[in-house]
Amino acid sequence: MITTEKFFEAFDKAGFLKPALWTPSPGLPGAGVQQAAQVRFYGPTSAIEAGMTFATDPAIRYPASVFPSLQRGEVLVVGDVQYAVREDPRSELDGSVRLALLSKEP
C-alpha cells in the first residue's frame, strides 16, 4: 500500500506541487525553525475534489506528517507569495491529509 508521503512524492515528480515554507510561531513545537515541504496549492480558480468543486480562496493540501502543528493565524510562503492560514487545517481522507484555507498577506 502506498503511503500519503509517497503519493505526494509522486505528485511532486509530476510537477503538481509547490514549495512551502513555514516558521512556527513562539509557543508551537519547532518555534523559530523554518520548515519546508512540497504542497498542493489551489488558487481561487482551481478545481478541487476531482473537478467537482472550485476553490474560492487559496488553499493547500499536504500530508499530515508535514507542518503537524500548523494552525489558524500562522503565516507561510507558498512559491513566492505570503499567506495566512484562515482557520485550523482540517483532516481529510483517513486523517493522513490536511487542507488549509489561506488568505493572501498584504
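Summary of the structure given here. Remember, it's a predicted structure, so these values are computed and weren't measured experimentally. (Residues numbered from 1 in each chain as written. Predicted model: local features only at pLDDT ≥ 70, side-chain atom pairs only at ≥ 80, totals over all residues. Heavy atoms only, no water.)

Concerning the overall build of the protein chain
- A tally of helices and strands in the protein chain yields 1 helix and 9 strands.
- Order of helices (α) and strands (β) in the protein chain, N terminus to C terminus: α-β-β-β-β-β-β-β-β-β.
- The 106 residues of the protein chain split such that 34% are buried.
- In the protein chain, once contacts between residues fewer than 6 apart in sequence are set aside, the share between residues at least 24 apart is 42%.
- A total of about 6,300 Å² of accessible surface is found on the protein chain, and carbon and sulfur atoms cover 56% of it. (Helix = DSSP H or I, 4+ residues; strand = E, 2+ residues; numbered from the N terminus. Buried < 20%, exposed > 50% of the residue type's maximum accessible area, 1.4 Å probe, protein only. Contact = heavy atoms within 4.5 Å. Areas by Shrake-Rupley, 256 points an atom, 1.4 Å probe, with all protein chains shown as cover.)

As for the environment of F67
- Along the chain, F67 turns up in the loop between β5 (59-63) and β6 (75-78).
- The contacts of F67, once residues within four sequence positions are left out, are A20, W22, Q35, A36, A37, V39 and Y62.

Structural notes on the pairing of strand β9 (residues 97-104)
- In this sheet, β9 lies alongside β5 in antiparallel orientation, the contact comprising 5 bridges. Bridging from a neighbouring strand, I60 pairs with A100 of β9.
- For strand β7 (residues 81-85) and β9, the ladder comprises 3 bridges, and the chain directions are antiparallel. Looking at the pairing, Y83 lines up with K104 of β9. (Pairing = 2+ DSSP bridges.)

Structural notes on the pattern of salt bridges
- Counted under the stated rule, the structure contains 3 salt bridges.
- Residues K6 and E9 are paired through a salt bridge, measuring 3.7 Å at the closest nitrogen-oxygen approach. Taken together, the residues K6 and E9, both in helix α1 (residues 4-13) and 3 residues apart, mark about one turn of the helix. (Salt bridge = Lys/Arg side-chain N within 4 Å of Asp/Glu carboxyl O.)

Description of the side chain of R98
- Within the fold, R98 resides in strand β9.
- This buried residue, R98, is left without a salt bridge; D88 holds the nearest opposite charge, at 7.7 Å.
- Engagement of the side chain of R98 in a polar contact is seen with the backbone oxygen of P68, the distance being 3.4 Å. (Lys, Arg positive; Asp, Glu negative; His and termini not counted. Polar contact = N/O pair within 3.5 Å; in protein donor to acceptor, adjacent residues only side chain to side chain.)

Notes on the nonpolar core
- Within the largest apolar cluster, 16 residues are counted, with the highest numbers of intra-cluster contacts made by I60, F67, L70, L76, V78 and L102.
- For this core, the secondary-structure elements that each account for two or more residues are β1 (18-22), β2 (35-42), β5, β6, β7 and β9.
- Residues in contact with L76, not counting those within four places in the same chain, are A20, L21, W22, I60, L70, V81, Q82, Y83, V85 and L102. (Core = buried A, V, L, I, M, F, W, Y, C linked by side-chain atoms within 4.5 Å.)

Section: the environment of A84
- Structurally, the position occupied by A84 is in strand β7.
- Relative accessible area serves as the criterion here: at 10%, A84 is assigned to the buried category.
- Measuring from C-alpha to C-alpha, the distance between A84 and L101 comes to 8.6 Å, with 17 residues separating the pair along the chain.
- With sequence-adjacent residues up to four places away left out, A84 is seen in contact with E74, V75, L101, L102, S103 and E105.

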